[in-house]
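An overview of the molecular structure
Chain residues, written in single-letter form:
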Amino acid sequence: MEFILRLKKTTKCKACFKENMDRIGRIYLPIPLLEKMNIGGEIILQLAPDKSYFSPGGYAAKFVQDKETAKKVRYTEDIIEQGEMGFIYVNKNVLERLGVGQEIAVRIVAPREYGGAIIAKG
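Residues numbered from 1 in each chain as written. Predicted model: local features only at pLDDT ≥ 70, side-chain atom pairs only at ≥ 80, totals over all residues. Heavy atoms only, no water.

1. As for the sheet that holds strand β3 (residues 27-30)
Backbone hydrogen bonds are what pair the strands of a sheet, in a parallel or an antiparallel way. One open sheet accounts for eight strands, arranged β3-β2-β1-β4-β8-β5-β6-β7; its pairing is antiparallel. Where the open sheet ends on each side, the last strands, each with one partner, are β3 and β7 (87-91). Pairs of neighbouring strands in the sheet enclose a mean axial angle of 40°, with direction left out of account. Relative to β7, strand β6 (residues 72-77) runs antiparallel, the two sharing five bridges. (Pairing = 2+ DSSP bridges. Helix = DSSP H or I, 4+ residues; strand = E, 2+ residues; numbered from the N terminus. Axes fitted to C-alpha atoms, helices over the stretch in contact; angles between N-to-C directions.)

2. Details of the nonpolar core
Nonpolar side chains in soluble globular proteins tend to be buried together. Grouped together as the largest cluster of nonpolar side chains are 31 residues, with contacts concentrated most on I27, L45, L47, M85 and I88. Here the element with the most residues in this core is helix α1 (residues 31-37); it accounts for four residues. Not counting the four nearest positions on each side in its chain, I88 is found in contact with I24, I27, L45, L47, F63, V73, R74, Y75 and V106. (Core = buried A, V, L, I, M, F, W, Y, C linked by side-chain atoms within 4.5 Å. Buried < 20%, exposed > 50% of the residue type's maximum accessible area, 1.4 Å probe, protein only. Contact = heavy atoms within 4.5 Å.)

3. A word on the pattern of salt bridges
Side chains that carry opposite charge are capable of pairing whenever their charged atoms lie near each other. Taken as a whole and assessed by the stated rule, the structure comprises eight salt bridges. The partner of D22 in a salt bridge is K72, and the shortest N-O contact between them spans 2.9 Å. Here D22 is found in the loop between β2 (14-18) and β3, whereas its partner K72 is found in strand β6, with 50 residues between them in sequence. Classification of D22 by relative accessible area gives partly exposed; the value is 41%. Among the residues examined, K72 registers a relative accessible area of 11% and is labelled buried. In this structure, K62 engages D78 in a salt bridge whose closest nitrogen and oxygen atoms are separated by 3.2 Å. A residue pair is termed long-range when its members are at least 10 positions apart, and K62 in strand β5 (residues 59-68) and D78 in the loop between β6 and β7 qualify at 16 residues. The class of K62 is partly exposed, set by a relative accessible area of 25%. Salt bridges linked by common partners bring K62, D78 and E103 together as one network. (Salt bridge = Lys/Arg side-chain N within 4 Å of Asp/Glu carboxyl O.)

4. What about the side chain of R107?
If you trace the backbone, R107 turns up in strand β8 (residues 103-109). In this structure the side chain of R107 is engaged in a polar contact, spanning 3.3 Å, whose partner is the backbone oxygen of P56. (Polar contact = N/O pair within 3.5 Å; in protein donor to acceptor, adjacent residues only side chain to side chain.)

5. Some words on the packing of aromatic side chains
A complete count under the given rule lists one aromatic pair for this structure. Taken together, a centroid distance of 5.8 Å and an interplanar angle of 90° make the contact between F87 and Y89 edge-to-face. A relative accessible area of 35% means that F87 is categorised as partly exposed. Geometry around F87 places R74 over its ring, the cationic atom sitting 5.3 Å from the centre. (Phe/Tyr/Trp six-rings, centres within 6.5 Å; stacked < 30°, edge-to-face > 60°. Lys NZ or Arg CZ within 6 Å of the ring centre and 35° of its normal.)

6. A short note on the environment of V100
Within the fold, V100 resides in the loop between α2 (92-98) and β8. Distance from V100 to L47, taken between C-alpha atoms, is 9.8 Å for residues 53 residues apart in sequence. The residues touching V100, leaving out its near neighbours within four places in the chain, are A48, P49, Y75 and L95.

Honestly, that's just the spatial picture; any functional story needs more than this.
Put into structure tokens, the structure is as follows:
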């Protein structure tokens, strides 16, 4: 499952990306990671049950469930990962559709790396 997140704001250390429908909570990424990946105003965030579902490239990490709110579940980046993202909030409806529980895989890529222009899928 994939989502388009757009740049909301930046500080001198991190950039904040937000998904329009709020199915994914705000993502905070370090500026050096964005520069290394050549990311500008948009990212594609992909979710899967395991990292093996992703093709090579981008930033992929395994996350484990941390806590739960009324509408979302917070996942924290596994201790064996690089720790660039830290944590992610995912809507419970999205998790149901994916069929995941305690663990989830997350991948971030630049839109052009994923095939150029982004067009909404039905």
